[in-house]
Amino acid sequence: MNITPYRDYGTFANIDRLFGRLLNDMSWRSSDETETALAQWRPAVDIREDSDKYVVVADLPGISPKEVEITFENGLLSISGERNSEQRTEADGYSRIERVSGKFSRQFRLPDSVDQDAISASGKNGVIEISIPKKDKAKPKRIEIS
């Protein structure tokens, strides 16, 4: 069973998608939008399925793991937090600023086969890894033919 993105589209998200289609600009939206209305940027996330667990890896450069909130409720895994911006002045000599700051949120609907009591997370060097074990009954079982 696959993990599917949770889609919580507000009015503004729908308008954004419509304008994106109108202008045919794929950078405005993506097929798996998961930000909430308050999100200001979207960290990259990789998801893989092993035989005994799902693993979610989120790139959160410049954010301490202590500043990231991970919750699981009603089958919905949520990763949220905020990257604070640095005070910059024109005297600092910046000619271009591409690193975004502000609030972020990613949400994923998980299958019923996960063991929510055994979910764990670790963080190092701006990467958060969330391990989501499967319940024993969800593991594949080989049946011998007699």
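Everything quoted here is computed from the prediction, not taken from an experiment.

Visitor: Explanation requested: the environment of Ile 63 in the structure shown.
Guide: Checked against the element boundaries, Ile 63 lands in the loop between strand 3 (53-59) and strand 4 (68-73). Residues Ile 63 and Glu 82 lie 19 residues apart in sequence; the distance between their C-alpha atoms is 7.8 Å. In this structure, Ile 63 is in contact with Trp 41, Val 68, Glu 82, Arg 83 and Phe 104, ignoring residues within four places of it in sequence.

Visitor: What's the story with the pattern of salt bridges in this structure? I'm lost.
Guide: In a structure, side chains of opposite charge can pair up when their charged atoms sit close to one another. What the rule picks out here adds up to 3 salt bridges. Among the ionic pairs, Asp 50 bridges to Arg 48, the shortest N-O distance being 3.2 Å. Among the ionic pairs, Lys 134 bridges to Glu 49, the shortest N-O distance being 2.6 Å. On the criterion of sequence distance, the pair formed by Lys 134 in the segment after strand 8 (127-133) and Glu 49 in strand 2 (residues 45-49) is long-range, its members being 85 residues apart. Lys 134 gets classed as buried once you look at its relative accessible area, which sits at 9%. The exposure class assigned to Glu 49 is partly exposed, which follows from its relative accessible area of 39%.

Visitor: Sorry if this is basic, but what is going on with the confidence of the model for the chain here?
Guide: Fine structural detail should not be taken from predicted coordinates in areas where pLDDT scores are low. The pLDDT averaged across the chain works out to 78; a share of 65% of its residues lies at or above 70. Highest mean pLDDT in the chain belongs to strand 8 (96); lowest belongs to helix 1 (residues 11-23) (59). In this model residues 24-37 is a low-confidence stretch, pLDDT under 50, and it forms 31 contacts with partners more than four residues away in sequence or in other chains.

Visitor: What exactly am I supposed to notice about the pairing of strand 7 (residues 120-124) here?
Guide: Regular strands place their side chains on alternate faces of the sheet. Inspection of the sheet shows strand 7 paired to strand 8 by 5 bridges, in the antiparallel sense. The residue of strand 8 that forms the bridge with Gly 123 is Ile 128. Taking the residues between adjacent antiparallel strands as the criterion, strand 7 and strand 8 are bridged by 2 residues, where Asn 125 takes a positive phi near 55°.

Visitor: Before we go on, may I ask you to explain the sheet that holds strand 3 in this structure?
Guide: Sheets are built from strands that pair by backbone hydrogen bonding, the pairs being arranged parallel or antiparallel. A sheet is described by the order of its strands in space; here 4 strands give the open sequence 2-3-8-7, paired in antiparallel fashion. This sheet does not close on itself; its edge strands, each paired only once, are strand 2 and strand 7. Pairwise comparison of adjacent strand axes, ignoring direction, gives a mean angle of 15° for this sheet. Looking at chain direction, strand 2 and strand 3 are connected through 5 bridges and run antiparallel. Looking at the pairing, Asp 46 lines up with Val 57 of strand 3.

Visitor: How should I be thinking about the nonpolar core in this particular structure?
Guide: Buried together is how nonpolar side chains tend to be arranged in soluble globular proteins. Of all hydrophobic cores here, the largest spans 18 residues; its most connected members are Val 56, Leu 60, Ile 130 and Ile 132. Looking at this core, the elements that each hand over two or more residues are strand 3, strand 5 (76-83), strand 6 (102-109) and strand 8. Dropping the residues within four chain positions of it, Ile 130 is found in contact with Tyr 54, Val 55, Val 56, Ile 70, Leu 77, Ile 79, Ile 119, Ser 120 and Ala 121.

Visitor: Sorry, what's going on with the environment of Leu 110 here?
Guide: Mapped onto the elements, Leu 110 comes out in the loop between strand 6 and strand 7. When the C-alpha positions of Leu 110 and Phe 72 are compared, they lie 9.3 Å apart, and in sequence the two are 38 residues distant. Residue contacts for Leu 110: discarding those within four places in its chain leaves Ile 3, Phe 72, Gly 75, Leu 77 and Ile 132.

Visitor: For this particular structure, what's the right way to read unusual backbone geometry?
Guide: Most peptide bonds take the trans form, and the phi angle of most residues other than glycine is negative. Backbone geometry at Asn 74 places phi at a positive 50°, although glycine is not the residue there. The backbone of Asn 125 shows a phi angle near 55°, a positive value even though the residue is not glycine. Note on placement: Asn 125 falls in the loop between strand 7 and strand 8. Classification of Asn 125 by relative accessible area gives exposed; the value is 72%.

Reading the values: rules and limits
- Residues numbered from 1 in each chain as written.
- Predicted model: local features only at pLDDT ≥ 70, side-chain atom pairs only at ≥ 80, totals over all residues.
- Heavy atoms only, no water.
- Helix = DSSP H or I, 4+ residues; strand = E, 2+ residues; numbered from the N terminus.
- Contact = heavy atoms within 4.5 Å.
- Salt bridge = Lys/Arg side-chain N within 4 Å of Asp/Glu carboxyl O.
- Buried < 20%, exposed > 50% of the residue type's maximum accessible area, 1.4 Å probe, protein only.
- pLDDT = per-residue confidence, 0-100.
- Pairing = 2+ DSSP bridges.
- Axes fitted to C-alpha atoms, helices over the stretch in contact; angles between N-to-C directions.
- Core = buried A, V, L, I, M, F, W, Y, C linked by side-chain atoms within 4.5 Å.

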